[in-house]
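Reading the structure
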Amino acid sequence: TTADVTVANTATQITGTFTVSKSVVDVDPGDPAAPELTGTVPVTWTATNDGAEIGTGTLSVNLDGTPVGPEGSFPVGTEISLTEDLSGIAVPPGFQWGSPVWIPGSTFTITDDTTVAVRLVNVLIEDSDERTVTVTKQVSGEGADPRYGYAISYNVDPLVPGEETRATRDLTVG
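Residues numbered from 1 in each chain as written. Predicted model: local features only at pLDDT ≥ 70, side-chain atom pairs only at ≥ 80, totals over all residues. Heavy atoms only, no water.

1. A word on the pattern of salt bridges
Per the stated rule, a full pass over the model turns up one salt bridge. One salt bridge in this structure joins Glu84 and Lys22, with 2.9 Å as the shortest N-O distance. Of the two residues, Glu84 sits in strand S5 (residues 79–84) while Lys22 sits in strand S1 (residues 15–26), which places them 62 residues apart along the sequence. Here Glu84 matches Lys22 in class, with each residue buried. (Salt bridge = Lys/Arg side-chain N within 4 Å of Asp/Glu carboxyl O. Helix = DSSP H or I, 4+ residues; strand = E, 2+ residues; numbered from the N terminus. Buried < 20%, exposed > 50% of the residue type's maximum accessible area, 1.4 Å probe, protein only.)

2. Quick notes on the packing of aromatic side chains
Scanning the entire structure with this criterion turns up four aromatic pairs. Relative to Phe74, the ring of Phe18 lies with its centre 6.0 Å away and its plane at 25°, an arrangement referred to as stacked. Taken together, the residues span a long stretch of sequence, with Phe18 in strand S1 and Phe74 in strand S4 (residues 74–75) at a distance of 56 residues. Since its relative accessible area comes to 6%, Phe74 is described here as buried. Taken together, a centroid distance of 5.4 Å and an interplanar angle of 75° make the contact between Trp45 and Phe74 edge-to-face. Linking Trp45 in strand S2 (residues 40–49) with Phe74 in strand S4, this pair joins segments that are 29 residues apart in sequence. Neither residue differs from the other here; Trp45 and Phe74 are each classed as buried. By the ring-pair criterion, three or more aromatic residues cluster together here, those being Phe18, Trp45, Phe74 and Phe108. (Phe/Tyr/Trp six-rings, centres within 6.5 Å; stacked < 30°, edge-to-face > 60°.)

3. Regarding the side chain of Asn122
If you trace the backbone, Asn122 turns up in strand S9 (residues 115–126). Residue classification places Asn122 among the buried residues on the basis of a relative accessible area of 0%. Of the polar contacts made by the side chain of Asn122, one reaches the side chain of Glu84; its length is 3.0 Å. In this view, Asn122 contacts Lys22, Ser23, Val24, Val25, Glu84, Leu86, Trp97 and Pro100; residues no more than four positions away in its chain are not counted. (Polar contact = N/O pair within 3.5 Å; in protein donor to acceptor, adjacent residues only side chain to side chain. Contact = heavy atoms within 4.5 Å.)

4. Overview of the nonpolar core
In terms of nonpolar packing, the biggest core is built from 24 residues, with Phe18, Trp45, Ile80, Leu82 and Phe108 touching the most fellow members. Mapped by element, the contributors of at least two residues to this core are S1, S2, strand S3 (52–62), S5, strand S6 (95–97) and S9. Excluding anything up to four places from it in sequence, Leu82 contacts Phe18, Val20, Val43, Thr44, Trp45, Trp102, Ser106, Phe108 and Val118. (Core = buried A, V, L, I, M, F, W, Y, C linked by side-chain atoms within 4.5 Å.)

5. What about the layout of surface pockets?
Considering only enclosed or pocket space, the second largest pocket measures out at about 170 Å³ in volume. As for the second largest pocket, its lining consists of 13 residues, and the residues nearest its centre are Val24, Pro35, Glu36, Leu37 and Leu63. Here the lining of the second largest pocket gets three residues from one element, more than from any other, and that element is S1. Here the residues of the lining of the second largest pocket sort into seven nonpolar, three polar and three charged. (1 Å grid on protein atoms, 1.4 Å probe; cavity = no way out; pocket = protein on both sides within 12 Å on 5 of 7 lines; lining within 4 Å. Points joined across faces, edges and corners; volume = space filled by probe spheres on them. Nonpolar A, V, L, I, M, F, W, Y, C, P; charged D, E, K, R; others polar.)

Below is the structure:
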């Protein structure tokens, strides 16, 4: 006798998503002049999977920290890239934007069936006298060689929000 057997395998695609929350902080939190900002900022997202763009959109993210996410979800392995546009938000008089901080980053990968919670922090820096940092190199001890060079690398607040600027400077003894 012959038996007919039918086997059916069902595959379920694992998907995840993300949310973005935003806050604006003052570099000097004790400053009574720090303005309280309200409103929203557009955050544009692009999703790519296996090298192909599978979606784009823009989220209207509140400045009060409320998380906002896109409609739907994305297959595991999808890379999400985020950018914000601060051009529609007037910088309060007497302040300037510092560099944005994306936590865990402005580009990330959907790795499982959860929600990646992205935090975007913008820093308001009060316009005032130029700020300075002093770094002094000292050498001491048996193996100290004052001829050995050091260099420091540091971030500089950009003139255009979203553009990162780095500078490097050689240090001499003293």
